[in-house]
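The lines below spell out each chain.
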Amino acid sequence: MSESLKIDLNIAVNYITRIEGHGNIKIDLKKGELKECKLEIVEAPRFYEAFLRGRKYYEAPFITSRICGICGIGHTLASISAVEDALNIKVSEQTRILRQLLNNSEMLQSHCLHIYFLVAPDFYKATNVFTMAKKNPELALIGLKLKKLANDIGDIVGGRCIHPIASVVGGFTKVPTKRELKGLLDRLKEAEKDIWKTIEIFKKEIEIPDYERETEYISLKHSDMYAFNEGDIYSSDTGLTSYKNYREMTNEYVVPHSTAKHTRHNRDSFMVGALARVNNNYAQLVPSAKKAADELGLKVPCHNPYMITIAQLIEVEHCRVDSINIIEELLRHPPVYEKPEQPKVCASGDGVGAIEVPRGILYHNYIINKDGIIEDVNCIIPTGQNLANIELDMKSFIPQMLNKSKEEITLLMEMLVRAYDPCISCSAHFLEVEFIE
Amino acid sequence: MRKIVIGIGDDFFCDDAIGLILLRKLQNNPEVLRIATLLEFGKKSSQIIDWIKANTLILIIDAVKMGLKPGEFKIFRFTEVKAKTNENTISFHQFGIAENLLLAESLGKDISSIYIFGIEPERLEIGNEISDVIKSNIEKYIAEIKNFLYNI
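Starting afresh in each chain, residues are numbered from 1 along the sequence in its written order. Here the convention is simple: chains get letters from A, ligands get numbers from 1, in the order in which they are written. Side-chain atom pairs in this predicted model are given and counted only at pLDDT of 80 or more, local residue features only at pLDDT of at least 70, and totals for whole chains, interfaces and linings cover all residues. With hydrogens and water stripped out, all remaining heavy atoms of the structure feed into the side-chain values.

Focus: the pairing of strand 6 (residues 216-221) of chain A
Residues and elements named next belong to chain A.
Part 1 of the reasoning: Categorising residues by exposure relies on relative accessible area from a 1.4 Å probe, with only protein chains included: less than 20% of the type maximum marks a residue as buried, more than 50% marks it as exposed, and the intermediate range marks it as partly exposed. Only DSSP runs of H or I reaching four residues or more are called helices, and only runs of E reaching two or more are called strands; each is numbered from the N terminus. Among the 6 residues that make up strand 6, 5 are buried, leaving the element largely enclosed by the rest of the structure.
Part 2 of the reasoning: In this sheet, strand 9 (residues 270-271) lies alongside strand 6 in parallel orientation, the contact comprising 2 bridges. Bridge pairing links Tyr217 to Met271 in strand 9.
Part 3 of the reasoning: One ladder, built from 4 bridges, connects strand 6 with strand 7 (residues 232-235); its direction is antiparallel. Following the sheet pairing, Leu220 is matched in strand 7 by Ile233. Strands qualify as paired when DSSP identifies two bridges or more between them.

So, helix 4 (residues 72-87) of chain A
Residues and elements named next belong to chain A.
Part 1 of the reasoning: For helix 4, spanning 16 residues, the distance from its first C-alpha to its last is 22 Å, which sits close to the expected 22 Å at 1.5 Å a residue.
Part 2 of the reasoning: Counting buried residues in helix 4 gives 14 out of 16 residues, a clear majority hidden from the surface.
Part 3 of the reasoning: At the exit of helix 4 stands Asn88, carrying a positive phi of roughly 55°. The length a helix should cover is 1.5 Å for every residue beyond the first.

Here we look at the sheet that holds strand 8 (residues 239-241) of chain A
Part 1 of the reasoning: Read from one edge to the other, the open sheet built from 4 strands follows the order 8-7-6-9 (chain A), with strand pairing classed as mixed. Two strands close off the open sheet at either side, each with one partner strand: strand 8 and strand 9 of chain A.

Some remarks on the domain arrangement of chain A
Residues and elements named next belong to chain A.
Part 1 of the reasoning: By convention here, the domain bounds are inherited from an automatic or database domain assignment. Domain boundaries assigned for chain A yield domain 1 (3-45 + 406-436) and domain 2 (48-388).
Part 2 of the reasoning: Just the C-alpha atoms count here: the centres of domain 1 and domain 2 sit 26 Å apart.
Part 3 of the reasoning: Summed over both partners, the accessible surface that disappears when two parts come together, traced with a 1.4 Å probe, is what is meant by buried area. A combined buried area of about 2500 Å² lies between domain 1 and domain 2, and 62% of that area is made up of carbon and sulfur atoms.
Part 4 of the reasoning: For Asp421, the salt bridge goes to Arg359, with nearest N and O atoms at 3.3 Å.
Part 5 of the reasoning: Within 3.5 Å is the distance limit for a polar contact, defined as a pair of N or O atoms, with the added protein rule that one can donate a hydrogen and the other accept it, and that residues adjacent in sequence qualify only through two side-chain atoms. On the surface where domain 1 and domain 2 come into contact, there are 7 residue pairs in polar contact (both at pLDDT 80 or more). Definition used for salt bridges: Asp or Glu carboxyl oxygen within 4 Å of a side-chain nitrogen of Lys or Arg.

Brief notes about the sheet that holds strand 3 (residues 56-63) of chain B
Residues and elements named next belong to chain B.
Part 1 of the reasoning: The strand order across the open sheet built from 5 strands is 2-1-3-5-4, with neighbouring strands paired in mixed fashion. Looking at the sheet topology across the chains shown, the edges are occupied by strand 2 (37-42) and strand 4 (73-77). Neighbour-to-neighbour, the strand axes of this sheet turn through a mean angle of 20°, independent of strand direction.
Part 2 of the reasoning: Here strand 1 (residues 2-8) runs beside strand 2; their pairing, made up of 5 bridges, is parallel. When the sheet's bridge partners are listed, Ile8 is paired in strand 2 with Gly42. Helix axes are fitted to C-alpha atoms over the stretch in contact, other axes to C-alpha atoms as well, and angles between N-to-C directions run from 0 to 180 degrees.

Topic: the side chain of A:Ser105
Residue and element names in this part refer to chain A.
Part 1 of the reasoning: Mapped onto the elements, Ser105 comes out in helix 5 (residues 93-123).
Part 2 of the reasoning: You can call Ser105 buried: its relative accessible area is 1%.
Part 3 of the reasoning: Reaching out from Ser105, the side chain makes a polar contact with the backbone oxygen of Leu102 at a distance of 2.6 Å.

Some remarks on the environment of B:Lys43
All names here are of chain B.
Part 1 of the reasoning: With respect to the secondary-structure elements, Lys43 resides in the loop between strand 2 and helix 3 (48-51).
Part 2 of the reasoning: In this structure the C-alpha to C-alpha distance between Lys43 and Gly7, which are 36 residues apart in sequence, comes to 9.3 Å.
Part 3 of the reasoning: Note on contacts: a residue pair is in contact if any heavy atoms of the two residues lie within 4.5 Å. If we skip the residues at most four places from it in the chain, Lys43 touches Gly9 and Asp10.

Looking at the packing of aromatic side chains
Residues and elements named next belong to chain A.
Part 1 of the reasoning: A pair of aromatic rings is counted whenever rings of Phe, Tyr or Trp (Trp by its six-membered ring) have centres within 6.5 Å, and the orientation is called stacked for planes under 30 degrees apart, edge-to-face for over 60 and tilted otherwise. Tallied over the full model, the rule gives 11 aromatic pairs over all chains.
Part 2 of the reasoning: Ring centres of Phe123 and Phe202 lie 5.6 Å apart, and the angle between their planes is 75°; this geometry places the pair in the edge-to-face category. On the criterion of sequence distance, the pair formed by Phe123 in helix 5 and Phe202 in helix 8 (residues 178-205) is long-range, its members being 79 residues apart.
Part 3 of the reasoning: One aromatic cluster is present, formed by Tyr211, Tyr306 and Phe397 through successive ring pairs.
Part 4 of the reasoning: Against the face of Tyr234 rests Lys221, its NZ or CZ located 4.8 Å from the ring centre.
Part 5 of the reasoning: A cation over an aromatic ring shows up here: Arg264 above the ring of Tyr253, its NZ or CZ 3.9 Å from the ring centre. Two thresholds decide whether a charge sits over a ring: the Lys NZ or Arg CZ must be within 6 Å of the ring centre and within 35 degrees of the ring normal.

A look at the confidence of the model for chain A
Part 1 of the reasoning: Overall, the prediction assigns chain A a mean pLDDT of 90, with 93% of residues at 70 or greater.
Part 2 of the reasoning: This stretch, residues 427-437 of chain A, has a pLDDT under 50; its non-local contacts, to residues over four places away or in other chains, come to 89 contacts. pLDDT expresses how confident the predictor is about each individual residue, on a scale running from 0 to 100.

A few points about the packing of helix 8 of chain A against helix 12 (residues 308-332) of chain A
All names here are of chain A.
Part 1 of the reasoning: Axis separation between helix 8 and helix 12 bottoms out at 9 Å; the angle between their running directions is 155°. With respect to their mutual orientation, helix 8 and helix 12 come out roughly antiparallel. Helix 8 and helix 12 meet at a crossing whose hand is left-handed. Under this scheme an angle from 65 to 115 degrees is roughly perpendicular, one under 35 degrees roughly parallel, and one over 145 degrees roughly antiparallel; angles in between are oblique. Crossings are assigned a handedness: left-handed for a near helix turned anticlockwise from the far helix by less than a right angle, right-handed for a clockwise turn.

A short note on the packing of helix 5 of chain A against helix 12 of chain A
Residue and element names in this part refer to chain A.
Part 1 of the reasoning: At their nearest, the axes of helix 5 and helix 12 sit 9 Å apart, and the two run at 150° to each other. Classified by the angle their axes make, helix 5 and helix 12 are roughly antiparallel. Crossing angle aside, the handedness with which helix 5 passes helix 12 is left-handed.

So, in C-alpha cells, the structure goes:
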C-alpha cells in the first residue's frame, strides 16, 4: 500500500456488479480527508404510485407485483394487505397460513439467488457466477436446487412464482392439493442436507470482512411468530409502534444524487432486512436456524453489515422449517376452496400493508373511495430505507482501510453494497461505483 | 436419443412470443409428440439446466438477433456461436437462456447437443402482436422444425 493512497484516493466504480439494478459509488479522499462518498442511484423513477391512482382496488396487487421480478410476491402481499386494511376485509386462517407459505417461498428464492449467485463469487475471488461455478460446482448446484424448490412452492401456492395470480384480495382463487403439498414437504425435508452443506462450506471456506458499525435496526415484530407477514414495527432504538405509523418510522427525504428517496428515524440512518430481523427477532427463529447462527458465528446484536448474507442463510433454514410446519398443518386440515372475501358495499378507507420481504419492510398505503377506486398511493421500498445506512457504512469503513490497496478497497466497497442485496430496480432501479483518483 | 423441444419467450413482447407460439402449435401435432417432449419455459429459462443430460438433444425455439432479415431463421448449435452475455455485470433480472447455458457449461454439463431454432425478430417491444413477416412464415417454421426432429 503506497503512502500516497493514505492522502489522496479517488475511486470511481461505474457499475456495481451482481446487484439488482443500476447505481454508482463515488469516493474522493483528499489529504486523508473524505471529501465525497456517495451511493448514486441513477435509474429513472417508474411512477407506479401515479398510475395506480384511478384503478380499482382489486387491480392493485397485479399491477404492483410488476414493480419487481424478484420480489413480486412481496409486492402482491403488501398490496393485498393494504387493500384489506383499507376496506376492513377479514380473511380466513387458511388464507393467512397460505400467505405465510407463499412469502416463505419468496424469501427462499431471493435469499438463495443472493447467497449463491450474487455474493458467493466474492468468497471465491471470482468475478461472476460462471467462474465461481467452475471453482465450486457443488455450491452452485445447491443454489439452483434450492431456488427451484422455492419457485415450485410459489407456483403451487401462488399460481406462478413470478407475479402470482392465485393470491388475491380476500383470499386465494385456487388452493394447493394434498398431493402437491406432500411433494413439497418431501423436497423441503431433503433440502436440510443442502442447507447444512452450505453452512459447512461457509464455515470452512469464506472470510467475512471485519467491520462493525452499530445502527438502528427496524423490522416487523409479532408476539407469536418470527414476523414476516404480520406484525407491528419494531426499532432497536425506540421499541414497538403500530404498522399504521410507518411514515413516522421512515421519514423519507430526497438527496440530489439518488432517484430513490432516503429514510431516517432515530438516527441518521437505519437498517432493514435479514440482519435487522435476526437482531430484533432472534428469539423467534426455529431452533435449527439458531443452531445455524451459532455455527456461522452470528451473535445478536450483530453490527457487521457483511453478515447480512449470513443472516439470510439463517433465514433460509428458518423458512425451510417454517414451511414444513405450515405444510404439515395444511395436510392435517387439507385446504378447501373458499370464495375470496369481498368488501362491504360502499366500503372505503385508508389502509396500510406492511410485509417483510427479502430486503426489509415493504410498505404499501392506499386511500380507496366508496366506489372502490384508489385515490392515493404511497409505496416505501426496503432498498430505499437502506441507502442512507449503506452510505454511512462506506463513510465509516473507508478511513479504517487506508492501509489496503485501491483494488482491495474497491472490492470491499462493492461487497458492502452487495451485502445489502439492494434491488434498485424496485427502489427506482441499479448501481455503479466510482472511486476517483 | 431423447429429443426435447423448448419454447422460450414472452407473450407480451411482440416477436419474442414466436418461440411459445410455435411450441403450442407443435403440441397439437401427434407425430411430433410421438418423437419429442415439448416444454414451454416462457421466461423461466433457468429450468433448462435440469434437462441437459447425456443422450438428450435439446432444440430451443426462440427469437434471436442474428443479423438476418426479419422472419428469416437459422438452426445452429449453441456451441457454434458467441452469445452476447453480460457476464460480469449480471443481475438476475438479466439472466436469460444464454447465461443459463453458460452456467450449465461451467458446472461441467455437456451442451454440445443443444440446438437453437432462431427466428430473426422485427419488433421487440411491449405488445401482444407478432410482426406480419413472422406470422406469415409460421407454417414454414413448423415444417422446418419437424424436418429437423425427424432427420437429426
